[in-house]
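# Working through the structure, step by step
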Amino acid sequence: MNINYNQNEKVLCIEITEEIDHHAADKIRRKVDNEITRYMPRKTVFDFSRVTFMDSAGIGMIIGRYKMMKLIGGSLEIENVNESSKKILEMSGILKIIPISELKMA
Amino acid sequence: MKSIYDNEMKLEFLSKSNNEAFARITVAAFVSQLDPTIEELADIKTAVSEAVTNCIIHGYEDCEGVVKIIGRIFANTIEIEISDTGRGIENVDLARKPLYTTKANLERSGMGFTIMESFMDEVEIESVLGLGTKIKMKKMIKKIPIEEDSLELMSLGGI
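Below or above, wherever it landed, is the structure these notes cover. Keep in mind the model is a prediction, meaning the values are calculated, not measured. (Residues numbered from 1 in each chain as written. Chains lettered and ligands numbered in written order. Predicted model: local features only at pLDDT ≥ 70, side-chain atom pairs only at ≥ 80, totals over all residues.)

## A short note on the overall build of chain B
For clarity, the cut-off: A run of H or I in DSSP counts as a helix once it spans at least four residues, and a run of E counts as a strand once it spans at least two, with each numbered from the N terminus. With C-beta atoms placed from the backbone, a residue is buried if 20 or more other C-beta atoms are within 10 Å of its own, exposed if 12 or fewer are, and partly exposed between those counts. Our contact criterion uses C-beta atoms placed from the backbone: two residues qualify when those atoms are within 7 Å.
Helix and strand counts for chain B stand at five helices and five strands. Order of helices (α) and strands (β) in chain B, N terminus to C terminus: β-α-α-β-β-α-α-β-β-α. In chain B, which comprises 159 residues, the proportion classed as buried is 36%. The long-range fraction of contacts in chain B, counting pairs at least 24 apart against all pairs at least 6 apart in sequence, stands at 66%.

Okay, here's the thing in C-alpha cells:
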C-alpha cells in the first residue's frame, strides 16, 4: 500500500497494491483509518490500478471508510477500477454514493 | 477405483485468513484446465473467496478448524464443494439475503452469498447447527467451439 498526502489540496491518496479479501481488508482498514485521523483530509482517493482481485470484504472496507470521511465532512473516491472489481462494486449498490473512474487499458 | 468425474482434487487447510488467497488461487489453477475466460476465472476465484471467508469468520469464528475443498470436473463443468465443521447457519434463507450479516461490527457487507449466487450457475447450502456448513457450487465453462468449417472459411478468406 502506498500512501501520499497532498497538503495543499488536503487530499489523501491510497494506492492499494494487494488483493482485497477479508485478510487484507483488516490490514488496509487499520492503516487507512490511522492516516485519515492523522491528516483529516478533505478527500480520500483509493487508487485501484494495482488491485487484481476484490471480494465482498472490499465492499465492507470501502463503506466503512466512506462513513468515516462523511463523519469528518469529507468525501471518498475510487480511481482506476478494473472490470472484475467494478462488477462487485456495482452489485453492492455503492456506485450510487461513491464516484469511481475506470481503469484505462494502455 | 475409477472416478465418474474427468478430474477431481481435495484440499484441506487451517481456517487462517491468510489461506483465503491460497484457496482461490489453488482452485483457479485446477479450473484452468477447462480453459476459462479471464472473467469466468475471476468469478470462480471470487465465489471461492467468499465461501472460504464464511468458513473462517462464521463457521469457526474465533477458534481454529479445518476448511475442506473438493473440486470436480465433469465435461466443461466445474463443481466446487467448500465445507467446515463449525457452528452451522441458523437460518439459511436469511443468510442468503443480500446485505444480511451477523457481523456488521466487522464491516462485513452481507454480500457473500449474493456474489456466490450471481457468479456461479448453481449454489447449494447444506448446514446443520453445531455440525457445520457445506457449500456446493457449479459453473459451466462456456467454451465457444470453433467448427472446422469456419476454420476452413477463415483460411480461404485469408488467401
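## Side note on the nonpolar core
What counts, and what does not: We define the nonpolar core as any set of buried residues of the types Ala, Val, Leu, Ile, Met, Phe, Trp, Tyr and Cys, connected via C-beta atoms lying within 7 Å of each other.
Ranked by size, the top nonpolar core spans 53 residues in total, and within it Ile20(A), Ala47(B), Val48(B), Ile82(B) and Met116(B) carry the most contacts. With ten residues, helix α2 (residues 38-59) of chain B is the largest single contributor of residues to this core.

## Considerations on the interface of chain B and chain A
As a reminder, the rule being used: Residues are grouped as follows: Ala, Val, Leu, Ile, Met, Phe, Trp, Tyr, Cys and Pro are nonpolar; Asp, Glu, Lys and Arg are charged; all remaining types, including Gly, are polar.
If you look at the interface, chain B gives 19 residues, while chain A gives 18 residues. Counting residues per element, the side of chain B that touches chain A draws most heavily on α2(B), at seven residues. Taken together, the residues that form the side of chain B that touches chain A break down as five nonpolar, nine polar and five charged.

## Concerning the sheet that holds strand β5 (residues 132-140) of chain B
All names here are of chain B. The line we're drawing: Here, strands pair whenever DSSP counts at least two bridges between them. Axes here refer to lines fitted to C-alpha atoms; in helices the fit is confined to the stretch in contact. Angles between the N-to-C directions go from 0 to 180 degrees.
Pairing is antiparallel across the open sheet formed by five strands, whose spatial order is β1-β2-β3-β5-β4. Every other strand in the sheet has two partners, leaving β1 (7-14) and β4 (122-128) as the edge strands with one partner each. For this sheet, the mean inter-axis angle between neighbouring strands, taken without regard to orientation, is 10°. Bridge analysis of β4 against β5 gives seven bridges, and the strand direction is antiparallel. The partner of Ser 127 across the bridge, within β5, is Thr 133.

## Focus: helix α2 (residues 56-71) of chain A
The following threshold applies: To estimate the expected span of a helix, subtract one from its residue number and multiply by 1.5 Å.
Spanning 16 residues, α2(A) covers 23 Å between terminal C-alpha atoms, matching the ideal 22 Å at 1.5 Å per step. Every buried residue of α2(A) is accounted for by Ser56(A), Ala57(A), Gly58(A), Ile59(A), Gly60(A), Met61(A), Ile62(A), Arg65(A) and Met69(A). Packed against the buried residues of α2(A) are α1 (22-39), β3 (43-47), β4 (75-81) and α3 (83-92) of chain A together with α2 and α4 (112-119) of chain B. Phi for Gly73(A), located one or two positions after α2(A), is positive at around 75°.

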